[in-house]
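Tertiary structure, described
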Amino acid sequence: MNFEIGQTAQFSRTVTETDFIMFAGLSGDYNPIHTDQEYAENTFFGGRISHGLLTASMLSRLLGMHLPGPGSIYVSQSLTFTKPVYIGDTITAYAEVVKIDEDSRLLTVQTTCRNQSGSTVLDGEGVMKLPKKEQG
């Protein structure tokens, strides 16, 4: 596997009500800001917002399947949630290689999620352990 500083990957997905419900069930986080429309309408968000970690989970797909991809393992991930994500938002997850440590097989990537308007909703940095090179 060869990687370069500045190498990028991305994918997009529209967030659905089903995602909210399934993530609440999986995580056990039934905070009414995510699950109760009437409650959420009376907050400064004006409606239900996504669990932050639901949005962050898109990074798992991005890094595990695209860059660096299959065989890589998450070591760490910093997260800053900058804007809410609502049902119907289309989120694009981006990764850009910012550091390569070949000796320890670590790849550091800048991670960002943006909504359909181009606003950043999540920002962070991930470190991935690359699989051992196959002997050939």
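Residues numbered from 1 in each chain as written. Predicted model: local features only at pLDDT ≥ 70, side-chain atom pairs only at ≥ 80, totals over all residues. Heavy atoms only, no water.

1. A word on the overall build of the protein
To keep it simple, the criterion reads: Segments assigned H or I by DSSP are reported as helices when at least four residues long, segments assigned E as strands when at least two residues long, and all are numbered from the N terminus. Buried means the residue's accessible area, taken with a 1.4 Å probe over protein chains only, is under 20% of the maximum for its type, while exposed means over 50%, and partly exposed covers the values in between. It only takes one pair of heavy atoms within 4.5 Å for two residues to be counted as in contact. What sets the accessible areas is the Shrake-Rupley method with a 1.4 Å probe; for residues, cover comes only from the shown protein chains. Charge counting treats Lys and Arg as positive and Asp and Glu as negative, with His and both chain ends excluded. One atom stands in for each charge, and that atom is NZ of Lys, CZ of Arg, CG of Asp or CD of Glu.
Scanning the protein from terminus to terminus reveals four helices and five strands. Reading the protein from its N terminus to its C terminus gives the helix and strand order β-α-α-α-α-β-β-β-β. Across its three principal directions, the C-alpha atoms of the protein cover 60 × 30 × 20 Å. In the protein, buried positions account for 36% of the 136 residues. Within the protein, contacts between residues at least 6 apart in sequence are counted, and of these 63% link residues at least 24 apart. Summed over all atoms, the accessible surface of the protein reaches about 7,900 Å², with 50% contributed by carbon and sulfur. Of the charged side chains in the protein, 10 are positive and 15 negative, and the gap between their average positions amounts to 8 Å.

2. Remarks on the environment of His 51
Positionally, His 51 belongs in the loop between α3 (37–41) and α4 (52–66). Exposure remark for His 51: the relative accessible area of 2% places this residue in the buried category. Once you skip the residues sitting within four places of it in the chain, His 51 turns out to touch Phe 20, Phe 23, Ala 24, Ser 27, Asp 29 and His 34.

3. Overview of the side chain of Ser 50
Here Ser 50 shows up in the loop between α3 and α4. Discounting chain neighbours no more than four positions away, the residues touching Ser 50 are Phe 20, His 34, Thr 55 and Val 85.

4. Notes on the pairing of strand β4 (residues 106–114)
Going by this rule: Any two strands between which DSSP finds at least two bridges are classified as paired.
Where strand β3 (residues 90–101) lies against β4, nine bridges are found, and the strand directions are antiparallel. From the neighbouring strand, Ile 100 faces β4, where its bridge partner is Leu 107. Remark: four residues form the turn of the hairpin made by β3 and β4, two consecutive strands paired antiparallel; Arg 105 in that turn has positive phi of roughly 60°. Pairing analysis gives nine bridges linking β4 to strand β5 (residues 120–129), with the strands arranged antiparallel. Paired with Leu 107 across the bridge in β5 is Met 128. The hairpin turn running from β4 into β5, its antiparallel successor, is five residues long, and Gly 118 in that turn takes a positive phi close to 90°.

5. Side note on the pattern of salt bridges
Here is the rule: Salt bridge, as used here: a side-chain nitrogen of Lys or Arg that lies within 4 Å of a carboxyl oxygen of Asp or Glu.
Going through the model one piece at a time under the given rule, you end up with two salt bridges. We note a salt bridge from Arg 13 to Asp 19, for which the minimum N-O separation is 2.6 Å. In this structure Arg 13 comes out as partly exposed when scored by relative accessible area, which is 35%. The partner of Arg 48 in a salt bridge is Glu 17, with the nearest N and O atoms 2.9 Å apart. In this pair, Arg 48 sits in the loop between α3 and α4 while Glu 17 sits in helix α1 (residues 17–27), placing the two residues 31 residues apart along the sequence. On the accessibility criterion, Glu 17 (41% relative accessible area) is partly exposed.

6. Quick look at the packing of aromatic side chains
The test is simple: Note on aromatic contacts: the rings of Phe and Tyr and the six-membered ring of Trp form a pair at centre separations within 6.5 Å, being stacked when their planes are under 30 degrees apart, edge-to-face when over 60 apart, and tilted otherwise. Cation placement over rings: the criterion is NZ of Lys or CZ of Arg within 6 Å of the ring centroid and within 35° of the ring normal.
Counted under the stated rule, the structure contains one aromatic pair. When the ring of Phe 44 is compared with that of Phe 45, the centres are 4.4 Å apart and the planes differ by 35°; the resulting orientation is tilted. With a relative accessible area of 77%, Phe 44 lands in the exposed category. Among the residues examined, Phe 45 registers a relative accessible area of 27% and is labelled partly exposed. The cationic tip of Arg 114 hangs over the ring face of Tyr 94; the distance from NZ or CZ to the ring centre is 4.7 Å.

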